[in-house]
Amino acid sequence: MDILLLLIMILLPIIAQINVMTTFSKYSKVSNSRGLTADEVARRILDANGLTHVGIEHIKGNLSDHYDPRANVVRLSDSCYGNTSVAAIGVAAHECGHACQHAENYTPIVIRSKIVPITNICSNFWYFVLIIGVFLSQMAVGTTLIYVAIAMFAAVVLFQLVTLPCEFNASDRALKTLENDGILELGEVPKAKKVLTAAAMTYVAALVTSIIQLLRLLASVRRR
């Protein structure tokens, strides 16, 4: 059983990543009929939602697109900025969805933002705390450190759980905007949806993998 769980933990994120890359690659070859670029669409969506103060920047990389709430900037990567594909436009609209979430104080994004600092600490150090705990396991402090490490990893899992509604909601906003505002033709919207769904599945895969890891950690403690 443990070997099976390990295989799931290894293969699930890989499969999800391959799926998003192949799906994006497929629909990056399909240009939208209106000839709009992803950055033009992003600007249109932001302005329509009263977010004229939010900037748009071109960054290096492939699918490294994101919204930075601290700088109030939607950053579009080489694979999206200036690109007319339905895939690029879907990604750009998704990131604008995050900007709208912050502007509206969407509850999950507010919670996510508040726990980012502690989650970063937990994500970077939980494994080191666990190793020290195992090394000192014959002492009371070792057992305490093991439980602390598990609690730190649980915080990471909680962050991933809160992230899911943020991602799905941003995609839902994006697709509705692309359709309702006539940015994409009706036949093009499902293609953008496939790209965003594939991207969302990477977050699902990460959460499932982390939950399995958390259960394995708890099981190992019970066996002690």
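Calculation criteria
- Residues numbered from 1 in each chain as written.
- Predicted model: local features only at pLDDT ≥ 70, side-chain atom pairs only at ≥ 80, totals over all residues.
- Heavy atoms only, no water.
- Helix = DSSP H or I, 4+ residues; strand = E, 2+ residues; numbered from the N terminus.
- Buried < 20%, exposed > 50% of the residue type's maximum accessible area, 1.4 Å probe, protein only.
- Lys, Arg positive; Asp, Glu negative; His and termini not counted.
- Salt bridge = Lys/Arg side-chain N within 4 Å of Asp/Glu carboxyl O.
- Polar contact = N/O pair within 3.5 Å; in protein donor to acceptor, adjacent residues only side chain to side chain.
- Contact = heavy atoms within 4.5 Å.

1. Examining the side chain of D65
Counting through the fold element by element, D65 comes out in the loop between β1 (55–58) and β2 (66–68). It turns out D65 is buried and unbridged, and the closest side chain with the opposite charge, R75, is 11 Å from it. Among the polar contacts listed, one links the side chain of D65 to the backbone nitrogen of S77, at a separation of 2.7 Å. What D65 contacts, discounting residues up to four positions off in sequence, is R75, L76, S77, S79, C80, V91 and E95.

2. Description of unusual backbone geometry
Positive phi, normally seen in glycine, also occurs at N72, with a value near 55°. Relative to the helices and strands, N72 resides in the loop between β2 and β3 (73–76). According to the relative accessible area criterion, N72 is partly exposed, its value standing at 27%. Even without being a glycine, N105 presents a positive backbone phi close to 55°. Along the polypeptide, N105 turns up in the loop between α3 (86–104) and α4 (107–135). Given the relative accessible area of 56%, N105 is considered exposed.

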